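# Summary of structural features
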Amino acid sequence: MQPVGAVVPLRVDIAEKTFRSAQGVSITALQDLSFEVRQGEFACLLGPSGCGKTTTLRILLGLDKDFSGSFQLPEGGSNRIAAVFQEPILLPWRTVEQNVRLALPKGLRTKNLDGLFDTLGLAGMRSLYPAELSLGLARRAALARAFANEPAVLLLDEPFASLDERTAERLRHLLLTVWSARPTTALMVTHNLREALMLSDRIIVLAQRPAHVLGMFDVRLPRHYRNPQVMSDLLRSFHQKFPGVV
Amino acid sequence: MSAPDPGDRPPGAAAETASQSRLTTALTPVLTVAVSLLGLCLLWGFAANAWPGRAFPGPGQVWQVLRAEAANGDLFYHLGATLGRVAAAYVVAMVVGSVIGVLLGSHRSADRFFSPWLILFLNIPALVVIVLAYIWFGLNEAAAIGAVAVNKIPNVVVTMREGARALDPSYAEMAAVYRFGLLDRVRHVLLPQLQPYLAAASRSGIALIWKIVLVVELLGRSNGVGFQIYLYFQLFDVAAILAYTLAFVAVMLVIELLLVQPGERHATRWRRRPA
Ligand SMILES: Nc1ncnc2c1ncn2[C@@H]1O[C@H](COP(=O)(O)OP(=O)(O)OP(=O)(O)O)[C@@H](O)[C@H]1O
Ligand SMILES: [Mg+2]
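About the thresholds
Residues numbered from 1 in each chain as written. Chains lettered and ligands numbered in written order. Predicted model: local features only at pLDDT ≥ 70, side-chain atom pairs only at ≥ 80, totals over all residues. Heavy atoms only, no water. Domains from an automatic or database assignment. Buried area = accessible area lost by both parts, 1.4 Å probe. Salt bridge = Lys/Arg side-chain N within 4 Å of Asp/Glu carboxyl O. Helix = DSSP H or I, 4+ residues; strand = E, 2+ residues; numbered from the N terminus. Buried < 20%, exposed > 50% of the residue type's maximum accessible area, 1.4 Å probe, protein only. Polar contact = N/O pair within 3.5 Å; in protein donor to acceptor, adjacent residues only side chain to side chain. Contact = heavy atoms within 4.5 Å. Donors = N, O, S within 2.8 Å, 3.2 Å for Na, K, Ca; no water. Pairing = 2+ DSSP bridges. Axes fitted to C-alpha atoms, helices over the stretch in contact; angles between N-to-C directions. Expected span 1.5 Å × (residues − 1). Arc of directions from axis to C-beta.

## Remarks on the domain arrangement of chain A
Residues and elements named next belong to chain A. What the domain assignment reports for chain A is domain 1 (1-80 + 151-246) and domain 2 (90-149). Placing a centre on the C-alpha atoms of domain 1 and another on those of domain 2 gives a separation of 24 Å. Of the roughly 1,300 Å² buried at the junction of domain 1 and domain 2 (both faces included), carbon and sulfur atoms supply 72%. It is R80, L174 and V178 that lose the most area in domain 1 upon contact with domain 2, and together they represent 37% of the buried surface on that side. One can count zero salt bridges joining domain 1 with domain 2.

Written out as structure tokens, the structure reads:
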């Protein structure tokens, strides 16, 4: 029993999630998947493509209720949840700024967003429509929408997929900058090990479908110490601990 | 007149010519329409001269009647009455039809159950609905407007059902995650996606509705363009019939040009236009 008002970390305990197709074929995507993310921690869900990472996030976001098991999201304070999806999913008929503001609760609608837009390099693009943005810029707008919400937990689904490596790298740094300004319990899905090592406090390694946890890999080093030398050491020790993964 | 040599033009002349040619391109369609309509009038005038008679008045006579009716205020009174009914029936049909269409488009079992009803209503002749409405609900304004709306609703339902089937679920999911309120969902997520379907339903809607409104007026109202046409039919006054018809067609075209088209341009301003 948690004391009243205590902030509960993200706790996932999914017994099973099975998809049944119209033809009667059933695919078990998740089985006995359980892990925790501690308060204020940035965790990565790392697993091979198609293992069930997006499925897990969709369950946590409440978009898929057809599963057995349970999960618990942080309570108290702002109990809002924000997501950056695999696609940016901006409303094409609203400007960048309108997209961000519409996603805010009524009390925050008029808040000052100058700092956030500046940090993300979107200051000059607030009045553009999503069709006028490159994919990289659209992804930044999706990040702005998530962070403007000041959520209790942040879920990210491969937010840098299908970008060229340089753009992805810049966006990773931007993500770190906005996240450091207000460290939020975050769970990010990726199948890029380097990305996971660079961004996270701990990596939750998933097995092939049906997804379950193979093990944890903690990265205790502060992020600004993770230079190329350290990164290659981290990579080596990861491969020692999880041979054959990624 | 010979074109001046581009070599000895003063600076700035090029820009002037460009703006002039832009004006010409903007005016050409208007000019074409004007000439085309003038041609039709002339043809009508010649035909009326060739077969003179009370049953086939020329454009001059129709114009005279139009001016007389406008001067004594009758024209505007009856146009206004009809326009009011068109607007009311349009709003009722669009709102009711859209709600039903979106519900059917997003609930498959309901759609399967109600589809036969829809097909039935689509095939009931307008006249039957109007007559029944007057019998059941009396010769009153509500029955008249309701009858017109009921004639249009099945069409709106079919169009909006298509629109609802084409909705992108990822926007709805984003709205759910960020806890959009009901009003925001309708205004910022649902309606913009349905906009092309709403526009299609509106266009065909206005055209259908104003024709049915005339029938409703003819059968059971004591004002409106339909009533006037019936009156002049009994008096065998073709000039007056044509005067009212042309006045009403003109009003509907103006509405299309001044209301519908700018409205659509505003609603689709976010689409990337070819430069
Ligand atoms: N709606 C669905 N119906 C049936 N099967 C599905 C559905 N959604 C996902 N699956 C299946 O569940 C498994 C996990 O899918 P999921 O999208 O979670 O993978 P993922 O780990 O996010 O992959 P990726 O890294 O490619 O995004 C896949 O095998 C997929 O085919
Ligand atoms: Mg995925």
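## Section: the side chain of R126 of chain A
Residue and element names in this part refer to chain A. Inspection of the secondary structure assignment puts R126 in the loop between α3 (114-119) and α4 (135-148). The buried category is assigned to R126, whose relative accessible area is 17%. A distance of 2.9 Å separates a polar atom in the side chain of R126 from a polar atom in the side chain of E97. One polar contact links R126 to D114, side chain to side chain, over a distance of 2.9 Å. The contacts of R126, once residues within four sequence positions are left out, are T95, V96, E97, R101, L113, D114 and F117.

## Here we look at the coordination of the magnesium ion (ligand 2)
Think of it this way: four donors in a tetrahedron around the metal ideally sit 109.5 degrees apart, and six in an octahedron ideally sit 90 or 180 degrees apart. Around the magnesium ion (ligand 2), the donor atoms from the protein are T54 of chain A (OG1) and Q86 of chain A (OE1), and they sit 1.9 to 2.8 Å away. On the criterion of sequence distance, the pair formed by T54 of chain A in helix α1 (residues 53-60) and Q86 of chain A in the loop between β5 (81-84) and α2 (96-102) is long-range, its members being 32 residues apart.

## Some remarks on the pattern of salt bridges
For the coordinates displayed, the defined rule picks out 25 salt bridges over all chains. Between R161 of chain B and D111 of chain B there is a salt bridge, with the nearest N and O atoms lying 2.9 Å from each other. Of this pair, R161 of chain B sits in helix α6 (residues 141-165) while D111 of chain B is found in helix α4 (residues 108-123), placing the two residues 50 residues apart along the sequence. Both residues of the pair, R161 of chain B and D111 of chain B, count as buried. As a salt-bridge pair, R165 of chain B and D111 of chain B come within 2.6 Å of each other at their nearest N and O atoms. Of this pair, R165 of chain B sits in helix α6 while D111 of chain B sits in helix α4; the two residues are 54 residues apart in sequence, bridging distant segments of the chain. Bridged by salt links that share partners, the residues R38, E41, R202, D218 and R220 of chain A form one connected network.

## Topic: the sheet that holds strand β2 (residues 26-37) of chain A
Residue and element names in this part refer to chain A. The antiparallel open sheet is built from three strands, whose spatial order is β2-β1-β4. Strands at the two margins of the open sheet, each flanked by one partner only, are β2 and β4 (68-72). With direction set aside, neighbouring strand axes in the sheet form an average angle of 15°. Looking at chain direction, strand β1 (residues 10-20) and β4 are connected through five bridges and run antiparallel. Paired with D13 across the two strands is S70, which belongs to β4.

## Comments concerning the sheet that holds strand β7 (residues 185-190) of chain A
Adjacent strands of a sheet form backbone hydrogen bonds with each other and so pair up, either parallel or antiparallel. All names here are of chain A. Taken in spatial order, the six strands make up an open sheet running β5-β6-β7-β3-β8-β9, and their pairing is mixed. The open sheet is flanked by β5 and β9 (213-218), the only strands paired with a single partner. Each neighbouring strand pair of the sheet contributes to a mean axis angle of 15°, computed without reference to strand direction. Here strand β3 (residues 42-46) pairs with strand β8 (residues 202-206) via four bridges, running parallel.

## Some thoughts on the interface of chain A and chain B
Across the boundary between the two partners, chain A contributes 24 residues, which contact 18 residues of chain B. Between chain A and chain B, roughly 2,100 Å² of surface is buried when both sides are summed, and carbon and sulfur atoms account for 61% of that area. Considering only the side of chain A, the residues that lose the most area to chain B are I89, L91 and W93 of chain A, jointly responsible for 29% of the buried surface there. On the surface where chain A and chain B come into contact, there are three salt bridges. Taking the shortest distance from any N to any O, the salt bridge between K106 of chain A and D184 of chain B comes out at 3.6 Å.

## A word on helix α5 (residues 126-137) of chain B
All names here are of chain B. End to end, α5 covers 16 Å across twelve residues, agreeing with the expected 16 Å (1.5 Å per residue, within 8%). Inspection of α5 places V129, I130, A133 and Y134 among the buried residues, and these make up the whole buried set. Each buried residue of α5 sits inside an arc of 130° when the element is viewed along its axis, so together they form one side. Away from the buried face of α5 by more than 90 degrees, exposed residues I135 and W136 are located. Its buried side turned inward, α5 meets α6 and α8 (182-220).

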